[in-house]
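Commentary on secondary and tertiary structure
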Amino acid sequence: MVGTRIRKRLVPGMYKRLRLNSWRPLLAGSLSQRLALWNVLALLAALLVMSGVVYWLVTQRLLTELHAQAGASAAEIRLGALVIERVGTVLLVGLIFGSVLAALLAYAGSIWLTQRELRPLQKLTYTMQTLDFRPKYTEQPRAEIAAATEIRQLQKSFEAMLARLETSAQREQAFVAEVSHELRTPLTTLRGQIEVMLLNPDLDRQIRQDIEGLNIELQRLSRLVANLLTDVRAEAQQPNPLYVVRQQSVELDLLLVEAARQAQFLNQNVRLNITQLEQLQLAGDPDLLKQLLLNLLDNAMTYTPTGQQICLQLQTASACPGWAKDSEWAVFQITDSGPGIAPDDLPHIFERHYRTHKKCAFQASGNGLGLYIASLIAQAHDGKILVENLPTRGSCFSIWLPLGK
Amino acid sequence: MSQILLVDDETVITGFLRRGLAYKGYDVRIAETAETALDSARDFPPDLVILDIGLPDLDGHEVCRRLRAGGDSDLPIIMLTAKDSVQDKIAGLDNGADDYLTKPFVFDELVARVRAALRRREATARPATNLEVGNLRLDLAARQVWRAGQLIELTTREYELLELLMRHKGQVLTKEILFERVWGYDNEAGFEVIKVYINYLRSKLKLTDQPEIIHTVRGVGYMLKL
């Protein structure tokens, strides 16, 4: 009864993950195997001692009775002693066999019982291994475990520890969110003031250059703050990262032009060239979509050598590769002329905080959030980002967003 | 000169916005409270309102609703907000804002939005007339284009490009001017785009047998003439 209740709550694949089924040398085996082995060895020793004692007592008793028989001839007594000795041997062998058999049975039974007893422990281990704070473990409903006192205590301590960890993780998240948020107003003011300063036609040339330098750094800072905020927002909404209300119609061609303008401003050494710009609209979040484009443009510009160009396209496509859904797609393509992406890195570039290991000839900037955030935003709009290395040189990022009906 | 009413209680922000918009040729009046904003909306009167959500006396959403209720239903309103929560955006658009910008925004982007909003207003306010060049006719009221008696379907950007060319028929328009006027930005990234759109227009205007009406002036730009 208890066993089945626990088994139901076990996670499929758990045994494989914990490698509990693999047969190991007995002494290095699982706790249940080792406990059973020690128990059975003790049991076997006791049974063997008992068999010896029984053998000795029985034969002695019979021999005493034989000698006490009056009127028996010497030959009869010899015969009697022989019979007693044979019977005693059979008895001893039988007892030893019986003990070993009993020990084996006890071993199997003991393994089964202890395993059942230890199952909550295995579940706890599995939880610890796979824990990633989402969905919040301490907020999940849990049934009272039927288990030994020690295991229940362990479980309780683990939960208390987890609660403390969760609180501190939440506090950290809230802190990052609050700081990023508080940074926005001063950033707006700073950027606005600097941009307006630059509008002044009477500005000294040297001063203008310096202010433009400041402006570029400020825009980088705002980009970073925006990515941090989106990251915090996505973390807080696990497992359904970014929720986007499709209320506003976004003009994708204007969005691309604005993103290209902002990106071009940050880096004048690489030329952005829009070659296709279909007039497309979709329902989504314009701020997030612009952030997506800016992150990918930043990435492309980082890896494109000075003097080269990046080609931008926006067009429709009807079939997205590897996607069963048959609908109209808006496709942004960003083709850079950088060194391309190393095959080892290719599957990982959209992971959070992933940065390529290979030292690049061009400075690698960012904190490993840009592409991760970009993929989150694409997912939030039911789209995806595909990357490929071009046969000649450079790589091409395509953002596929469904246009809806 | 277009008049812009700027409603925000943060003097640093209004300070640079007023100066920047003045550089761009707009007449700006500042209101720091909702009450003065509603007064100014009556006696200034603005062609466009830039409205911050966080005001000391009233919520920006409420001001937006009252401005809309107060008569001018076409008055373009651009909301500024430091909050980027989904609910805020929806509330802003529900209450009648035409557009919103999340802080920190880029000043040039604000100017582009202002320009676009004013252009839309101008387009609706303008007395409806037709532009005609040969057998090409553009109906400004219905935003329809006819050639040789046949209706031609154009996208918004194609229409705006054609309208611009028709208003300046016989003049050469540079790619810079076309891109700035139609897409709202002065950015050389888009020069290729102009070529693409001119080609869209040409193929649509050609119908089956009509002569070329948009001409390329090599190294300069484009010109519409018979």
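Structure: above.
Below is a summary of the structure that appears in this document. Just so you know, the residues in each chain are numbered from 1, in the order the chain's sequence is written. To label them, take the chains in the order written and letter them from A, then take the ligands in the order written and number them from 1. Note on the predicted model: pLDDT of at least 70 is required for a residue's local features to be given, and 80 or more for side-chain atom pairs to be given and counted; whole-chain, interface and lining totals, by contrast, use all residues. Calculated side-chain values reflect all of the structure's heavy atoms, with hydrogen atoms and water omitted.

1. So, the overall build of chain B
The helix and strand inventory of chain B stands at eight helices and 12 strands. For each residue, the accessible area found with a 1.4 Å probe, counting protein chains only, is set against the maximum for its type, and the residue is called buried under 20%, exposed over 50%, and partly exposed in between. Expressed as a percentage of its 226 residues, the buried residues of chain B come to 48%. Contact definition: two residues touch when any of their heavy atoms are within 4.5 Å. When contacts within chain B are restricted to residue pairs at least 6 apart in sequence, long-range pairs at least 24 apart make up 58% of them. Here, Shrake-Rupley sampling with a 1.4 Å probe gives the accessible areas, and only protein chains in the shown set may cover a residue. Per element, the accessible surface of chain B, about 10,200 Å² overall, is 48% carbon and sulfur. We count a stretch as a helix when DSSP gives it H or I for four or more residues in a row; a strand needs E for two or more, and each element gets its number in order from the N terminus.

2. A few points about the state of the cysteines
Residues and elements named next belong to chain A. By definition, disulfides here are pairs of cysteine sulfur atoms that lie within 2.5 Å. Tallied over the full model, the rule gives zero disulfides over all chains. The thiol of Cys311 is unpaired, and the distance to the nearest cysteine sulfur, on Cys396, comes to 8.5 Å. A relative accessible area of 4% places Cys396 in the buried class.

3. Quick word on helix H6 (residues 156-167) of chain B
Residues and elements named next belong to chain B. The end-to-end C-alpha separation of H6 is 16 Å, in line with the 16 Å expected for 12 residues at 1.5 Å each. Burial runs high along H6: nine of the 12 residues are buried. All of the buried residues along H6 are Arg157, Glu158, Tyr159, Leu161, Leu162, Glu163, Leu164, Leu165 and Met166. In this scheme, a helix's expected span is set at 1.5 Å multiplied by one less than its residue total.

4. Topic: the nonpolar core
Grouped together as the largest cluster of nonpolar side chains are 77 residues, with contacts concentrated most on Leu252 of chain A together with Leu162 of chain B. Considering every element that reaches this core, the biggest residue donor is helix H8 (residues 286-303) of chain A, with nine residues. To form a nonpolar core, buried Ala, Val, Leu, Ile, Met, Phe, Trp, Tyr and Cys residues must be joined to one another through side-chain atoms within 4.5 Å. Listed in part, the 21 residues of the second largest apolar core include Ile4, Val28, Leu101 and Phe105 of chain B.

5. Structural notes on the packing of aromatic side chains
Only the six-membered ring of Trp is used, alongside the rings of Phe and Tyr, when aromatic pairs are assigned; centres must lie within 6.5 Å, and planes under 30 degrees apart are stacked while those over 60 apart are edge-to-face, with the rest tilted. Per the counting criterion, the structure on display carries three aromatic pairs over all chains. Note on Trp329 of chain A and Trp400 of chain A: the rings are 6.1 Å apart at their centroids and 75 degrees apart in plane angle, and the pair reads as edge-to-face. Remark: Trp400 of chain A occurs in strand S7 (residues 395-402) and Trp329 of chain A occurs in strand S5 (residues 329-335); sequence separation between them is 71 residues. For the pair Trp329 of chain A and Trp400 of chain A, a shared accessibility class is recorded, and that class is buried. Both rings, one in Tyr197 of chain B and one in Tyr200 of chain B, keep their centres 5.1 Å apart while their planes meet at 70 degrees; by these two values the pair is edge-to-face. Linking Tyr197 of chain B with Tyr200 of chain B, this pair stays in helix H8 (residues 191-206), spanning three residues, or about one helical turn. Residue Tyr197 of chain B is classed as buried on the basis of its relative accessible area, which comes to 1%.

6. Observations regarding the side chain of Arg223 of chain A
Residue and element names in this part refer to chain A. Residue position: Arg223 is located in helix H6 (residues 205-236). According to the relative accessible area criterion, Arg223 is buried, its value standing at 9%. Excluding residues within four positions of it along the chain, Arg223 makes contact with Gln262, Leu266, Leu294, Asn295 and Asp298.

7. Some details on the sheet that holds S7 of chain A
Residues and elements named next belong to chain A. Ordered in space as S2-S4-S5-S7-S6, the five strands form an open sheet in which the pairing is mixed. In the strand order of this sheet, the two ends are held by strand S2 (271-277) and strand S6 (384-389), each with one partner. Each neighbouring strand pair of the sheet contributes to a mean axis angle of 15 degrees, computed without reference to strand direction. Any two strands are treated as partners once DSSP identifies two or more bridges connecting them. Across seven bridges, the pairing between strand S4 (residues 309-317) and S5 is antiparallel. Following the sheet pairing, Gln315 is matched in S5 by Val331. An axis is simply a line fitted to the C-alpha atoms; with a helix, the fit covers only the stretch in contact. Between two such axes, the angle follows the N-to-C directions and lies from 0 to 180 degrees.

8. Thoughts on the environment of Ala263 of chain A
All names here are of chain A. For Ala263, the position within the fold is in helix H7 (residues 252-266). For the pair formed by Ala263 and Leu297, sequence separation is 34 residues and the distance between their alpha carbons is 6.6 Å. Once residues lying within four places of it in the same chain are set aside, the contact partners of Ala263 are Leu272, Leu294, Leu297 and Met301.

9. Description of the environment of Asp204 of chain A
All names here are of chain A. Secondary-structure assignment places Asp204 in the loop between helix H5 (149-199) and H6. We classify Asp204 as partly exposed; its relative accessible area is 43%. For the purposes of these results, a polar contact is taken to be a pair of N or O atoms within 3.5 Å, where, inside protein, one atom must be able to donate a hydrogen and its partner to accept one; residues adjacent in sequence count only when each atom of the pair is a side-chain atom. Side-chain polar atoms of Asp204 contact the backbone nitrogen of Gln206, separated by 3.1 Å.

10. Focus: the interface of chain B and chain A
With 41 residues of chain B at the contact, the number on the chain A side is 41 residues. In short, buried area is how much 1.4 Å probe accessible area vanishes from two parts on joining, totalled over both. Both faces combined, the contact of chain B with chain A buries some 3,800 Å², and carbon together with sulfur accounts for 55% of it. Salt bridges are defined by distance alone: a side-chain nitrogen of Lys or Arg within 4 Å of a carboxyl oxygen of Asp or Glu. Seen at the junction of chain B and chain A, the total is four salt bridges. Among the salt bridges present, the one from Arg157 of chain B reaches Asp253 of chain A, with a minimum N-O distance of 2.6 Å. Viewed at the interface, chain A and chain B are joined by 13 residue pairs in polar contact (both at pLDDT 80 or more). At the level of elements, helix H1 (11-23), helix H4 (86-94), strand S5 (99-102), helix H5 (107-125), H6, helix H7 (175-183) and H8 of chain B are the ones that each hand at least two residues to the side of chain B that touches chain A. Per-element accounting of the side of chain B that touches chain A gives the leading share, six residues, to H1 of chain B.

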